[in-house]
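# Examining the three-dimensional arrangement
Read off the chains here:
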Amino acid sequence: MILIVGGAGYIGSHINKELNKQGFETVVFDNLASGRKELVKWGELIIGDLGNIEEIRNVFKKYKIDAVFHFAAFKAVGESVTNPQKYYKNNICNTLNLLEVMLENDVKKFIFSSSAAVFGSPQYMPIDEKHPQNPINPYGETKLIMEHVLRDYSKAYGLKYVSLRYFNACGADLESEVGEWPGSSANLIPMVLDAAIGRREDIKIFGTDYPTKDGTCIRDYIHVTDLAVAHILAFEYLNNGGESDCFNLGNGRGFSVKEVVDMAKEVTKIDFKVVESDKREGDPAVLVADSAKAQKVLGWKSEYADLKTIIESAWSWHLKKS
Ligand code: UFG
């Protein structure tokens, strides 16, 4: 049995689908702070909080857990700056509780949801695993601290983990069974679709004089189903005796904010209002992943890298849920 912590969330729900599709049995543990029970379509949902260690212990008593996939974390970069306590407590202390119960039960396989935010301001592009790690916000800091914890637990306690650093996770399941809950995210694509559907008045482009081809920021948008597949491959890698390791996950190709907005207009056929606005603090001009290591070691390859497929899948889900 695989325990998916945070399996009622955006990324966790896609991993739950993929694991079940590939014949694994899953159980989801989630406090529903941002997750939705409607997104738990496979396996039992146990509502509980990582802050309460007894609630975690109860799950391990009820099920014979073989491995844990962990997605329960806060992820709003701006909020992590204004309310770091919330981030350090949840993303670190609560994850330590989870690891503690895993070790008590001799469960030694862990797949960790990390982020490109562990790198901070890019020093070269594309970003590979050797890039220096200097997070520039508490959110990135929590992910990096957890990577260090995992490294040390691995040495001391024999924990086997894979940490996957997502670049810009986006899109939705192509069958629209799960997706990102509309109105719940401040990321670019869901915000653009909110503008298209009329939930927002407009979409603001944060900065138009970056040193890029059209002056707007470039990001590496990676489809959530491609991410889900990478998690299964990482799990298989551990099952085959692979050593604990970290991998960057992106397509190695960036799209600008303007390209995203234009593609969203094409896909939705709605001419929503776009406002050119000031830069957002802390946004690097370009962020693109080098995922050669994941390709080589895990045998991973993205399948839904084109922007149209990404936005079409997100839009279908958005329409279904709005
Ligand atoms: N953007 C806008 N308008 C908006 C929202 C975003 O122009 O309303 C721009 C941003 O300035 C940025 C791009 O769209 O250039 C993407 O922004 P997101 O907020 O969607 O994503 P980020 O690249 O800022 O951050 C993402 C994840 C973080 C993670 C980071 C790692 O959301 O969790 O990638 O690189 F830490």
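Please read these numbers as outputs of a predicted model, since none were measured by experiment.

### Considering the overall build of the protein chain
A tally of regular secondary structure across the protein chain gives 10 helices and 14 strands. Over its C-alpha atoms the protein chain spans a radius of gyration of 19 Å, differing by no more than 12% from the 20 Å that the globule rule assigns to 322 residues. In terms of overall dimensions, the protein chain has C-alpha extents of about 55 × 40 × 40 Å along its principal axes. Taking all 322 residues of the protein chain together, the buried fraction comes to 55%. Relative to all contacts within the protein chain whose residues are 6 or more apart in sequence, the contacts with residues 24 or more apart total 77%.

### Overview of helix H7 (residues 224-239)
Taking 1.5 Å per residue, 16 residues should reach 22 Å; H7 reaches 23 Å between its end C-alpha atoms and fits that length. Counting buried positions along H7 gives 12 out of 16 residues, so the element sits mostly inside the fold. For H7, every residue scored as buried is listed here: Val224, Thr225, Asp226, Leu227, Ala228, Ala230, His231, Ile232, Ala234, Phe235, Tyr237 and Leu238.

### Here's the deal with the domain arrangement of the protein chain
When cut into domains, the protein chain gives domain 1 (2-170 + 222-249) and domain 2 (188-220 + 252-320). The C-alpha-based centres of domain 1 and domain 2 are spaced at 24 Å. Of the residues lining the interface, 26 residues belong to domain 1; the matching set on domain 2 comes to 25 residues. Both faces considered, domain 1 and domain 2 share a buried interface measuring about 2,200 Å² in area, 70% of it formed by carbon and sulfur atoms.

### Describing the packing of aromatic side chains
In this structure the tally under the stated criterion is 7 aromatic pairs. Here Phe69 and Phe235 contribute two aromatic rings whose centre-to-centre distance is 5.5 Å and whose plane-to-plane angle is 70°, an arrangement assigned as edge-to-face. Of this pair, Phe69 sits in strand S4 (residues 67-70) while Phe235 sits in helix H7, and the two are 166 residues apart along the sequence. Note on accessibility: Phe69 and Phe235 belong to one class, buried. Between Phe74 and Tyr87, the aromatic rings sit 5.7 Å apart at their centres with planes inclined by 55°, giving tilted as the arrangement. Residue Phe74 is found in the loop between S4 and helix H3 (77-82), and its partner Tyr87 is found in helix H4 (residues 84-104); the two are separated by 13 residues along the sequence. Taking relative accessible area as the criterion, Tyr87 reaches 0% and is therefore assigned buried. Here a set of aromatic residues connected by ring pairs shows up, and it is made of Phe24, Phe69 and Phe235. The ring of Phe272 has Lys265 lying over it, and the distance from NZ or CZ to the ring centre is 5.2 Å. Lying over the aromatic face of Phe247, Lys293 brings its terminal NZ or CZ to 5.0 Å of the ring centre.

### Details of the nonpolar core
Leu164, Ile189 and Ile311 are the most contacted members of the largest nonpolar core, which totals 58 residues. Considering every element that reaches this core, the biggest residue donor is H7, with 9 residues. Summarising the domain contributions, this core has at least three residues from each of domain 1 (2-170 + 222-249) and domain 2 (188-220 + 252-320). Once you skip the residues sitting within four places of it in the chain, Leu164 turns out to touch Ile111, Phe112, Ser113, Ser114, Ser115, Ala230, His231, Ala234, Phe247, Leu249 and Leu298. Grouped together as the second largest cluster of nonpolar side chains are 28 residues, Val5, Ile53, Val68 and Met102 included.

### Let's talk about the site of the ligand
Taken together, 20 residues lie near the ligand, and Asn187, Leu188, Lys204, Arg280 and Asp283 sit nearest. At 2.8 Å, a backbone N or O of Leu188 approaches an oxygen atom of the ligand. Between the ligand and Phe206, the relevant distance is 2.9 Å, taken from an oxygen atom to a main-chain nitrogen or oxygen of the residue. Here the ligand loses 92% of its free accessible area of 690 Å² to cover by the protein chains. Where the shell around the ligand is concerned, the elements lending two or more residues are helix H6 (188-197) and strand S8 (202-206). At 4 residues, S8 tops the list of elements feeding residues into the shell around the ligand.

What counts, and where the lines are drawn
Residues numbered from 1 in each chain as written. Predicted model: local features only at pLDDT ≥ 70, side-chain atom pairs only at ≥ 80, totals over all residues. Heavy atoms only, no water. Helix = DSSP H or I, 4+ residues; strand = E, 2+ residues; numbered from the N terminus. Rg over C-alpha atoms; globule rule 2.2 N^0.38 Å. Buried < 20%, exposed > 50% of the residue type's maximum accessible area, 1.4 Å probe, protein only. Contact = heavy atoms within 4.5 Å. Expected span 1.5 Å × (residues − 1). Domains from an automatic or database assignment. Buried area = accessible area lost by both parts, 1.4 Å probe. Phe/Tyr/Trp six-rings, centres within 6.5 Å; stacked < 30°, edge-to-face > 60°. Lys NZ or Arg CZ within 6 Å of the ring centre and 35° of its normal. Core = buried A, V, L, I, M, F, W, Y, C linked by side-chain atoms within 4.5 Å. Near = heavy atom within 4 Å. Polar contact = N/O pair within 3.5 Å; in protein donor to acceptor, adjacent residues only side chain to side chain. Areas by Shrake-Rupley, 256 points an atom, 1.4 Å probe, with all protein chains shown as cover.

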